[in-house]
Amino acid sequence: MSYIQTINTYNHPVGHHCSGKHELRYPVYDPQLGNPAMDAAFAQINEDYHEEVLKYIEASRAAGKKWVVGNDEPNKILPGQDQLARVSLWKVLMAGGEGMNLYTAYDLPDYSDITIEDFRRLESIWIQLSHGLRFFQRPEVNRHLARMTTQSQLISQGYCYTKPGEIYIVYSENAGELELDLTDAKGDFEVKWYDPRNGGSLQESTVKRVKGGKLSRLGSAPSEPEQDWVVVVRKP
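All of these numbers come straight from a predicted model, not from anything done at the bench.

Novice: What's the story with the sheet that holds strand 6 (residues 159-163) in this structure? I'm lost.
Specialist: Whether parallel or antiparallel, the strands of a sheet pair through hydrogen bonds between backbone atoms. On the basis of which strands lie adjacent, the open sheet formed by 6 strands has the order 5-6-7-12-9-10 and antiparallel pairing. Looking at strand neighbours, the two that pair on one side only are strand 5 (149-150) and strand 10 (209-211), the edges of this open sheet. Bridge analysis of strand 5 against strand 6 gives 2 bridges, and the strand direction is antiparallel. Within the sheet, the bridge partner assigned to Thr149 lies in strand 6 and is Thr162.

Novice: Is there a simple way to explain a nonpolar patch on the surface in this structure?
Specialist: A contiguous nonpolar patch, built from Tyr3, Ile4 and Ile7 and spanning about 340 Å² of accessible area, is present on the exposed surface. Considering the arrangement of structural elements, one finds Ile7 in the loop between helix 1 (2-6) and strand 1 (15-17).

Novice: Would you mind going over unusual backbone geometry with me for this structure?
Specialist: Most peptide bonds take the trans form, and the phi angle of most residues other than glycine is negative. Notably, Asn11 is not glycine yet its phi reads approximately 55 degrees, a positive angle. Checked against the element boundaries, Asn11 lands in the loop between helix 1 and strand 1. What makes Asn11 exposed here is its relative accessible area of 64%. Residues other than glycine seldom take positive phi values, yet Glu224 does so here, at roughly 40 degrees. When you line up the elements, Glu224 lands in the loop between strand 11 (215-217) and strand 12 (229-234). Accessibility expressed as a relative area gives 38% for Glu224, which makes it partly exposed.

Criteria and thresholds
- Residue numbers restart at each chain and count upward from 1, following the sequence in its written direction.
- Thresholds applied to this predicted model are a pLDDT of at least 70 for local features of residues and 80 or more for the giving and counting of side-chain atom pairs; totals over whole chains, interfaces and linings are not thresholded and use all residues.
- Side-chain calculation: all heavy atoms of the structure are included, whereas hydrogens and water are not.
- Pairing between two strands requires that DSSP report at least two bridges joining them.
- Helix numbers and strand numbers start at the N terminus; a helix is a DSSP run of H or I with at least 4 residues, a strand a run of E with at least 2.
- What goes into a patch is any residue over 30% in relative accessible area without a salt bridge, connected to like charges within 9 Å or, for nonpolar side chains (Val, Leu, Ile, Met, Phe, Trp, Tyr), within 5 Å.
- We get accessible surface area from the Shrake-Rupley algorithm with a probe of 1.4 Å; when it comes to residues, only the shown protein chains can shield them.
- Think of a salt bridge as a Lys or Arg side-chain nitrogen and an Asp or Glu carboxyl oxygen that are within 4 Å of each other.
- Three labels apply to residues, based on accessible area from a 1.4 Å probe with only protein chains included: buried if under 20% of the type maximum, exposed if over 50%, partly exposed otherwise in between.

Just geometry here; none of it tells us what the structure is for.
Below is the structure:
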């Protein structure tokens, strides 16, 4: 890593890939926590994507050199498996991960890193993943990202990525009645919803504003509450 940094003319993040098995990944990555020459972990993960990405984001931060962490080669996402791809991506993003790098392989003879010729077979998956990217590019979200952390204990189900007191991003695979703990927050917050399946603008629903200082119900999703949704709770 140290040598690669000496020839890193464009100052790109320097990191490396690893095995998908945690018993092989941990002995490689854990000793490098705090290494000033290592900027990133491009982790192949066969376990829970959210937990494993969060593990290295938090551990690297605690060691004094926060890493960029992505999920490299997630398990068996095949053409047409849009929901699996979408949920996998959001698990990574809600841990503070940089994203997900798909791998073409597994069960189909014409769907491997050697044999695939037409990446349009994955077009519906690219669209799903682009909705996640575009959400975090929204100015009202993006300007807070550097100071946001995962604090999922604040939400009744799903994941919460937050700059406490300013903005709370909630992702739930089943957006029934969600309750957000705003006990330590002050003031009013607006509540809007984002459809991770179709993208588009933020939407209003049954609850438009909540107050800090208490547990707050976020209301119902604008439609299809049995599906996954993103909720944005932020200072207006």
